[in-house]
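# Understanding the architecture of this molecule
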Amino acid sequence: MPFLGQDWRSPGWRWVKTEDGWKRCESFSPALKNENNQLNDIGHAVLLTGDDEDEELYSTEDCEFAAKKRKKDHFRNNTDSQRFYREKWIYVHKESTKERHGYCTLGEAFNRLDFSSAIQDIRRFNYVVKLLQLIAKSQLTSLSGAAQKNYFSILDKIVQKVMEDQYNPRLIKDLLRDLSSTLCILIRGVGKSVLVGNINIWICRLETVLLWQQQLQNLQMNKHVNNGLTLSDLPLHMLSNILHRFSDGWDIITLGQVSPTLYMLSEDRQLWKKLCQYHFPEKQFCRHLILSEKGHIDWKLMYFALEKYYPIKEQYGDTLHFCRHCSILFWKDTGHPCTASDPNTCLTPVSPQHFIDLFKF
């Protein structure tokens, strides 16, 4: 007799022999299992003490059906999909194999990896925000309904964190600007694009994004009162060394607005020259050469001109890593079950763009 099942390599269901024959056992959470046992005890008590009519109303099959119904309602109420996964890594596979069926999607990876906790870590905050921005630009419709709900839930936590801590609001403003533009395009062309969910849900999401933008626009930075040593009290060579540590031109512009001394240091030609040489190759300089009135190269204008045409190098305190040996994507400090003799030799840092490219088929 042929075996009919979901997968002939799977371990199969768990069966228990009873007086009425073999019955299949289903796994429940401890809370649901206790409720199921209590309901079965009540059902058996009714069967023992009731009459014939009660036996038809409160049968064991009815108790099992009620337990299954509560189990479904329990999982529906817990809409946060990340609660169902304890592992902080995900196996990335693009095709079916003898060991695994199907393939890993961007939405599944977004749900499985712990982005909600990652935004609380200052080393990972910019990485997650950049990833959300790339998804907002081109991959928003690729997410499943649960992943989209998780996406806006994480975005809500990011906005609330910025409102409380006032950390890097410019980065969040750029994200919300790109997201609102994408939502406007999707809503206007609702018949041309595939949107998961009702159109009214997307309109509410757009209104929420516009509200977040308004809140960040009205954000007032708190002035910290400190009678001790301040940034302006440091020697010039230390201030110059700090400015040379920045890899974003806009951060240098912002820091230069703090005091006249920092403004003078932020206008240094050598500072902007090193910044251009770090982000762009020399062959790109000739295509967008900008000279000042004295005939010298204006490296500051060169940087912002090149930034419009070419991507700059990205720096993050911590990134996701991909194990080439196991095809596993994970945060480095969480670890993963690698079977290689030396796991560190098969690790590759994954940029936000590389993360999205992993799930393009």
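Numbers given to residues run from 1 along each chain, matching the order in which its sequence is written. Per-residue local features of the predicted model are confined to residues with pLDDT of at least 70, and side-chain atom pairs are confined, for both listing and counting, to 80 or more; whole-chain, interface and lining totals are unaffected and use all residues. Water and hydrogen atoms play no part in the side-chain values, which are based on all heavy atoms of the structure.

### Re the environment of Gly145
Spelled out, the test is: For the purposes of this entry, the term helix denotes a DSSP run of H or I that reaches at least four residues, the term strand denotes a run of E that reaches at least two, and both are numbered from the N terminus.
The residue Gly145 is located in helix α7 (residues 145-165) in this model. Considered as a pair, Gly145 and Leu195 are 50 residues apart in the sequence and their alpha carbons are 9.1 Å apart.

### Focus on the pattern of salt bridges
Put simply, the rule is: Salt bridge, as applied in this entry: a Lys or Arg side-chain nitrogen positioned within 4 Å of an Asp or Glu carboxyl oxygen. Burial classes follow relative accessibility: with a 1.4 Å probe on protein chains only, a residue under 20% of its type's maximum area counts as buried, one over 50% as exposed, and anything between as partly exposed.
Applying the stated rule across the entire model yields ten salt bridges. With its nearest N and O atoms 3.1 Å apart, the salt bridge here joins Asp165 to Lys161. In this pair, Asp165 and Lys161 both sit in helix α7, four residues apart, roughly one turn of the helix. A relative accessible area of 45% places Asp165 in the partly exposed class. Residue classification places Lys161 among the buried residues on the basis of a relative accessible area of 15%. One connected set of salt bridges, linked through shared partners, spans Asp121, Arg123, Arg124 and Asp318.

### Re the side chain of Ser247
Here is the rule: Should any heavy atoms of two residues lie within 4.5 Å, those residues are considered in contact.
Relative to the helices and strands, Ser247 is located in the loop between α10 (236-243) and α11 (249-256). Every residue in contact with Ser247, bar those within four places of it in the chain, is listed here: Leu275, Tyr278, His279, Tyr303 and Gln315.

### Regarding the nonpolar core
To keep things clear, this is the line we draw: Each nonpolar core is a collection of buried residues, namely Ala, Val, Leu, Ile, Met, Phe, Trp, Tyr and Cys, held together in the definition by side-chain atoms within 4.5 Å. Each domain's extent is set by a domain assignment, obtained either automatically or from a database.
Residues Phe115, Tyr151, Leu329 and Phe355 are the most contacted members of the largest nonpolar core, which totals 52 residues. Split by domain, this core shows at least three residues from each of two domains, domain 1 (103-218) and domain 3 (320-353). Membership of the second largest hydrophobic core comes to 19 residues, among which are Leu255, Leu262, Cys276 and Met302.

### Describing the pairing of strand β5 (residues 328-331)
Quick note on the threshold: Pairs of strands are assigned from DSSP output, requiring at least two bridges between the strands.
Neither face of β5 is open: one carries Ile328 and Phe330, the other Leu329 and Trp331, and all of them are buried. Relative to β5, strand β3 (residues 89-91) is paired through three bridges, and the arrangement is antiparallel. By the bridge assignment, Ile90 is partnered in β5 with Leu329. Across four bridges, strand β4 (residues 320-323) lies against β5 in antiparallel orientation. In the strand pairing of β5, Cys323 is matched with Ile328.

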